[in-house]
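Report on the structure
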Amino acid sequence: MVTRGRDELSLRPFTVFRLSFAALAVAAVALGCAGFRTYLRQRPEFGHGPADLLYYSCQLFVLSATPLDRGGPLPLALDVARYAAPLTTVYALAETVRILGAGELLRLRMARLRGHCVVCGSGGTARMLAARLRAAGKTVVVVSAAGNDDGVLNVVGDGRRPETLRRAGAVRAAAVYACDEDYGDNVLIAAAVRNLATRSREPLRVHAAVADQEMCTALQARHLVGTAQGRVRLDFFNVDVLAARQLAAEEGFEAQDTAAPAGCLIVGVSPFARALLVELARRWRLREHPSGPLPVTWAGDSATAALTALCTRYEFLAEVCRLTPRDMPETGHAVNELLSELRSAEPATVPGRVYVCCRPDDVSLRTALTAVRAWPTTPDGLTLQLQEAGSYGASLGDGDTAMLDDLGGRLRPFGVLDAACRPELLDDDLMEQLARAFHEEYVLARRRHGDVVAANPSMVPWERLPGRLQEDNRAAARHIGPKLRSIDCAIAPRVAPKPPFAFRDDEIGRLAVMEHRRWLAARQREGWTYGHVRDDTARTRPDLVEWELLGESVRDRDRDAVRALPSVLATAGFQIVRLTPQEP
């Protein structure tokens with residue numbers, strides 16, 4: 001069923017109007033019964049029982065009350081009823097025509113929709129994302145089991161069923177967002193959309209929310225290697241990871257140029273806290289002028305075990321951060337004791353940033369409001385993580401309308417869904433992240449060789465990298481799957497300590513040839529041709545030849561790109577696994 005949502009305020013007048021006519025119909029029946037009782041006293045040929053009176057009163061709605069055929073003066077109650085009843089009939093017919101007509105118009109509109117966005121689900125992620133898409137001027141169709149009144153087109157049904165997705169026009173959409181509370185359903189929705197879109201020519205992006213970070217990474221790994229690139233671009237995303245990436249970007253650690261790094265205190269061992277630690281470390285790693293490792297204290301229930309598991313998955317954490325786990329209750333009192341200890345023992349390690357990342361939201365709020373020793377900080381120095389900023393976030397401020405004081409701007413509420421449910425952030429999918437990782441690995445490698453931005457413009461941050469070079473890195477990310485399949489390898493999440501993966505010499509040679517052919521085909525599509533000297537204006541290059549004709553220095557460039565692949569994947573939490581048993 002297709003429905004049209006309305007704003008809550010716009011529903012109220014219609015509701016009152018409908019209730020008025022319902023009351024009028026009841027009044028018409030009551031007045032009819034009373035009036036017929038009086039009217040029929042002088043007409044014994046008609047029945048006078050309660051059932052008879054009700055039957056005659058109901059006939060008034062279709063203008064065919066039999067006793068009235070005899071004429072004669074009518075009691076006032078019956079006179080009013082014989083006009084009120086047909087009036088409600090006319091309204092009922094008009095309302096029926098309106099509903100059927102509106103439904104038909106909506107079905108016609110749905111059939112003509114192109115380039116819209118389909119959001120499947122009814123939870124917080126779906127609601128927030130649908131609202132953000134509408135605010136961006138997108139046409140939004142929401143698929144859910146019970147519709148909603150958020151001012152969007154609604155398809156009531158099961159998003160896992162192909163017929164429901166067809167009614168929503170998923171095949172003709174620009175993007176489909178599977179945001180059900182059950183991530184297993186989201187995977188099924190993504191699979192159903194992919195199957196429906198196999199014969200369509202228009203590009204389609206499918207984003208499936210996966211609440212479990214480990215499962216999200218595992219699904220990303222299988223999709224990265226195991227699927228062919230087609231018109232459907234599928235990505236699995238986790239809202240905690242997206243929100244943490246957004247918060248780390250707002251902190252801007254990579255742009256800071258201080259002699260001594262200001263430490264961080266993360267309170268809470270939640271999925272968001274894990275993701276935040278990784279993203280802060282990733283940003284710190286990219287600093288153009290390194291000033292030592294980033295001091296991070298991670299405090300909370302089982303913080304030591306959580307940190308050990310996280311460092312196993314992301315080896316660069318231990319390289320770029322000075323990590324200190326503290327197993328303690330996630331309370332304001334415990335935070336106060338920890339900060340007092342740090343100030344007395346190691347004043348230099350007192351954190352400049354505090355992130356309260358407990359769950360649920362009331363625990364996080366209570367901890368932030370009672371951790372008084374964390375209050376003396378810079379503006380926005382104390383971050384309160386909430387699932388949605390919502391009423392808690394709106395209550396904080398320093399104006400007359402604020403219910404709770406935000407400590408002069410020091411206490412900053414941060415909503416996970418508010419930060420993660422942004423269409424532009426979801427477009428930054430796994431392929432885009434791996435493309436950035438390729439560029440970051442290149443920048444770090446050139447720094448180790450002593451290169452600087454002034455001499456090598458390609459070492460600028462990703463955001464300032466020319467579009468052509470960004471696309472080169474995206475193409476390299478898309479080619480990971482074919483490369484690994486050619487040597488019978490796969491990608492998996494890093495879940496246990498393992499010896500570093502290394503390609504064999506013959507594998508490096510084979511993959512380097514594949515990389516050069518990929519690069520060669522891409523340059524030729526852009527109109528580049530062979531020339532004895534490089535000329536960017538004329539688009540000629542001396543290395544636009546087959547592998548056999550390349551110089552050894554150019555071949556080494558492709559071999560280095562292959563050797564860097566395990567490191568690039570490791571920064572994203574993946575490892576390469578051989579599928580063929582190795583000889584001892």
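Rules and cut-offs
Residues numbered from 1 in each chain as written. Predicted model: local features only at pLDDT ≥ 70, side-chain atom pairs only at ≥ 80, totals over all residues. Heavy atoms only, no water. Helix = DSSP H or I, 4+ residues; strand = E, 2+ residues; numbered from the N terminus. Buried < 20%, exposed > 50% of the residue type's maximum accessible area, 1.4 Å probe, protein only. Contact = heavy atoms within 4.5 Å. Areas by Shrake-Rupley, 256 points an atom, 1.4 Å probe, with all protein chains shown as cover. Polar contact = N/O pair within 3.5 Å; in protein donor to acceptor, adjacent residues only side chain to side chain. Axes fitted to C-alpha atoms, helices over the stretch in contact; angles between N-to-C directions. Parallel < 35°, antiparallel > 145°, perpendicular 65-115°, else oblique. Nonpolar A, V, L, I, M, F, W, Y, C, P; charged D, E, K, R; others polar. Core = buried A, V, L, I, M, F, W, Y, C linked by side-chain atoms within 4.5 Å. Patch = residues over 30% accessible without salt bridge, like charges linked within 9 Å, V, L, I, M, F, W, Y side chains within 5 Å. Salt bridge = Lys/Arg side-chain N within 4 Å of Asp/Glu carboxyl O. Left-handed = near helix turned anticlockwise from the far one by under 90°. Disulfide = S-S within 2.5 Å. Expected span 1.5 Å × (residues − 1). Phe/Tyr/Trp six-rings, centres within 6.5 Å; stacked < 30°, edge-to-face > 60°. Pairing = 2+ DSSP bridges.

A word on the overall build of the chain. For the chain, the count of helices and strands is 22 helices and 19 strands. With 584 residues in all, the chain has 48% of them scored as buried. Relative to all contacts within the chain whose residues are 6 or more apart in sequence, the contacts with residues 24 or more apart total 73%. With an accessible surface of roughly 28600 Å², the chain has 57% of that area assigned to carbon and sulfur atoms.

Looking now at the side chain of N238. With respect to the element layout, N238 can be found in the loop between β7 (232-237) and α8 (239-251). Judged by relative accessible area, which is 3%, N238 ranks as buried. Within the local environment of N238, its side chain forms a polar contact with the backbone oxygen of A211, the two atoms lying 2.8 Å apart. Among residues more than four places away in sequence, those in contact with N238 are V210, A211, D212, Q213 and C216.

Orientation of helix α20 (residues 505-525) relative to helix α21 (residues 552-563), taken along the N-to-C sense of each, is 110°, at an axis distance of 8 Å. Between α20 and α21, the crossing angle belongs to the class labelled roughly perpendicular. Residues I508, L511, A512, E515, H516 and W519 of α20 lie in contact with α21, whose contacting residues are R557, D558, R559, V562 and R563. Its residues assigned to classes, the contact of α20 with α21 shows five nonpolar, one polar and five charged.

Now for the nonpolar core. Membership of the largest hydrophobic core comes to 55 residues, with the highest contact counts inside it found for Y177, F272, W298 and Y355. The greatest single-element share of this core, amounting to nine residues, is contributed by helix α9 (residues 271-285). Residues in contact with F272, not counting those within four places in the same chain, are Q213, D240, A243, A244, L247, C357, Q385, F414 and V416. The next biggest cluster of nonpolar side chains, apart from the first, holds 30 residues, and it includes A476, A477, I480 and I491.

Once that is clear, we can look at a nonpolar patch on the surface. On the surface, a nonpolar cluster with roughly 270 Å² of combined accessible area is contributed by L31, L76 and V80. When you line up the elements, L31 lands in helix α1 (residues 8-39). Judged by relative accessible area, which is 31%, L31 ranks as partly exposed.

On to the packing of α9 against helix α10 (residues 303-313), then. In the contact formed by α9 and α10, the axes pass within 11 Å of each other and the chain directions differ by 50°. In terms of their interaxial angle, α9 and α10 are classed as oblique. α10 is crossed by α9, and the crossing has right-handed handedness. Listed contacts from α10 to R274, L277 and V278 of α9 are A306, L307 and L310. Within the contact of α9 with α10, the residues separate by chemical class into five nonpolar, no polar and one charged.

A few words now on the state of the cysteines. Here the structure, examined in full by the defined rule, presents zero disulfides. No disulfide involves C358; its nearest neighbouring cysteine sulfur is the one of C357, lying 7.3 Å away. For C358, a relative accessible area of 0% gives the class buried.

Looking now at helix α17 (residues 430-448). Relative to the 27 Å expected for 19 residues at 1.5 Å per residue, α17 spans 27 Å between its end C-alpha atoms, a close match to the ideal helical length. For α17, the complete set of buried residues consists of L430, M431, E432, L434, A435, A437, F438, H439, E440, E441, V443 and L444. Positive phi appears at G450, one or two residues downstream of α17, with a value of about 90°.

Turning next to the packing of aromatic side chains. For the coordinates displayed, the defined rule picks out seven aromatic pairs. Aromatic side chains F36 and Y56 sit 5.7 Å apart centroid to centroid with 50° between the ring planes, which places their arrangement in the tilted category. Residue F36 is found in helix α1, and its partner Y56 is found in helix α2 (residues 50-59); the two are separated by 20 residues along the sequence. Ring geometry for F46 against Y56: centres 6.4 Å apart, planes inclined by 85°, an arrangement best described as edge-to-face. With F46 in the loop between α1 and α2 and Y56 in helix α2, the pair connects residues that are ten residues apart, well separated along the chain. Both residues of the pair, F46 and Y56, belong to the buried class. Pairwise contacts between aromatic rings join F36, F46, Y55 and Y56 into one cluster.

As summarised here, the arrangement of the six strands in space is β10-β9-β8-β11-β12-β15, forming an open sheet in which the pairing is parallel. The open sheet has two edge strands with one neighbour each: β10 (321-327) and β15 (411-415). Averaged over all neighbouring strand pairs, the angle between strand axes comes to 20°, with direction disregarded. Sheet contacts for α8: β11 (353-356), β12 (382-386) and β15; angle to β15, the most-contacted strand, approximately 145°. The strands touched by helix α13 (residues 361-370) are β8 (264-267), β11, β12 and β15; relative to β12, the strand with the most contacts, the crossing angle is about 165°.

Another aspect to go through is the environment of E548. Tracing the chain through its elements places E548 in the loop between β18 (540-541) and α21. The class for E548 is exposed, based on a relative accessible area of 53%. Beyond its immediate sequence surroundings of up to four residues, E548 is in contact with R517 and R555.

Let us look at the pattern of salt bridges. Applying the stated rule across the entire model yields 38 salt bridges. R313 is the partner of E214 in a salt bridge, and the nearest nitrogen-oxygen pair spans 3.3 Å. With E214 in helix α7 (residues 213-226) and R313 in helix α10, the pair connects residues that are 99 residues apart, well separated along the chain. Looking at E214, the relative accessible area reads 40%, which means it is partly exposed. Overall, the relative accessible area of 6% leaves R313 in the buried class. Note that D543 and R541 form a salt bridge whose closest N and O atoms lie 3.0 Å from each other. Three or more residues joined by partner-sharing salt bridges are found here, namely R205, R233, D427 and D429.

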